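# Structure assessment
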Amino acid sequence: MNWEQLLSLRRQGDTSKRLRVEQDDTRLGFEVDYDRIIFSSAFRSLQDKTQVIPLSKTDFVHTRLTHSLEVSVVGRSLGRLVGKKIIEKYPYLKEVHGYHMNDFGAIVAAASLAHDIGNPPFGHSGEKAIGEYFSIGNGQKFRNQLTDKQWQDLIDFEGNANGFSVLTASRPGIEGGLRISYATLGAFMKYPKESLPKKPTNNISDKKYGFFQSDKLFFEEVAKDMGMIANKSGENIGFERHPLAYLVEAADDICYTIIDFEDGINLGLVSEDYALEYLIKLVKDNIGVAKYKTLETKEDRISYLRALAIGSLINDAVDVFIENEEAILAGKFPYALTDKSKYKAQMNDIIKLSIEKIYQSREVIEKEIVGYQIIQTLLDKFITAFNNKYEGTASNYDKLILKMLPEKHHLDKGNLYERLLHICHYVSLLTDGNALELYETIQGQKKR
């Protein structure tokens, strides 16, 4: 892979190449990506989607929106630091093509901003709730009417693939979705493969999948246009990662490791003594002891340590990337950057404690149970009504259910796979609160 091709400004529907030297620096294409994402309704809905604690009204707790904004800030720093070193190593990128280090930061920031845009409500259990509706729930009846890969898309419903669809899927009058630049889409695509074969190797890019069968052709177009390396053969589609996807992943890893931990501390799920013991290992080389002693509240002390810890992990991730840049370009780096971090043991310790004290806390478990019931009920009601309408057998109740479906989701879908995926997509874009309200209405439980 080569950087000039990987930093593509092309957008869906373009008939010619967009050149960096011709860009208006006051409105750079990669920055337009960021703006389009942040003004989208799908991004707005993240303000009421769970990061860790579902349906929490606590001020301390991060939503998907605040998490995504923080990941984009970390991603921008990672991109700029890496971009500075890449431009120094390959000066022709600036001298001939006009690229700047901030371009790297803008691409990674935009992709990081969008990294959770396809995630369903109710935290990580939301994806599982959709998948299990088909694998062990009422959706099992559709199995024999779908191809193996279509079925895998549903039983292993993936927020990353759903996010690619949010960013790129067309609807009448809106061709190409948000029309994001190919470089930003490449950085967004952490798992550039289809749903089968499942985890064919231990390569980090094979951990999950990155696109639905309905988006396969455009995914291939983006990957091939940027010269991403194909790593599958025959009918199976897969590529080695776009190099900047490693930075998006690192930004997410850094934020959820440190900031979820901070949430747990501020909620009282993790003691401050634990915080000091675990975080001090990340910041011992750059902590200002005198400043730390002036901080009187737990929140301020933890905030200070969190900022230092994130700084340490950013610098380390940049070092790992630059040390392995040639292997990454050759498609021969099958790891996450944090896998090779000098702080890997410390990060693993924090994640292990977070799983025990936060992710498996009673509050989280109780709300995820509620989320399962809500998501599976909504899927069942809307899929039944949507299919019955297509088949001409809709009951009056089905028609009432479909009136709850927003206008932009009233689309004709010609085959069963597209209909099922369409309703999954609709439910996935609901906020926690919207989903709960819709569920209570359908179940006749809504208080007037």
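Residues numbered from 1 in each chain as written. Predicted model: local features only at pLDDT ≥ 70, side-chain atom pairs only at ≥ 80, totals over all residues. Heavy atoms only, no water.

## Details of helix H17 (residues 344–359)
The periodicity of an α-helix, 3.6 residues per turn, causes residues three or four places apart in sequence to face the same way. Those residues of H17 not exposed but buried are Gln 346, Met 347, Ile 350, Leu 353, Ser 354 and Ile 358. Among the structural elements, helix H12 (243–266), helix H13 (272–283), helix H15 (298–323) and helix H18 (362–391) are those in contact with the buried residues of H17. (Buried < 20%, exposed > 50% of the residue type's maximum accessible area, 1.4 Å probe, protein only. Helix = DSSP H or I, 4+ residues; strand = E, 2+ residues; numbered from the N terminus. Contact = heavy atoms within 4.5 Å.)

## Describing the packing of helix H7 (residues 125–135) against helix H8 (residues 148–155)
Axis separation between H7 and H8 bottoms out at 7 Å; the angle between their running directions is 130°. Taken together, the axes of H7 and H8 are oblique relative to one another. The residues of H8 that touch H7, namely those facing Ile 130, Gly 131, Phe 134 and Ser 135, are Trp 151, Leu 154 and Ile 155. (Axes fitted to C-alpha atoms, helices over the stretch in contact; angles between N-to-C directions. Parallel < 35°, antiparallel > 145°, perpendicular 65-115°, else oblique.)

## Here's the deal with helix H2 (residues 29–38)
Along H2, the residues that are buried comprise Gly 29, Phe 30, Val 32, Asp 33 and Ile 37. Along H2, the residues classed as buried sweep out an arc of 150° about the axis, all on the same side. Elements that come into contact with the buried residues of H2 comprise helix H3 (41–44), helix H6 (101–113), helix H9 (159–168) and helix H10 (182–188). (Arc of directions from axis to C-beta.)

## Concerning the side chain of His 242
Along the chain, His 242 turns up in the loop between helix H11 (216–225) and H12. Engagement of the side chain of His 242 in a polar contact is seen with the backbone oxygen of Leu 6, the distance being 2.9 Å. If we skip the residues at most four places from it in the chain, His 242 touches Leu 6, Ala 183, Gly 186, Ala 187, Met 226 and Met 228. (Polar contact = N/O pair within 3.5 Å; in protein donor to acceptor, adjacent residues only side chain to side chain.)

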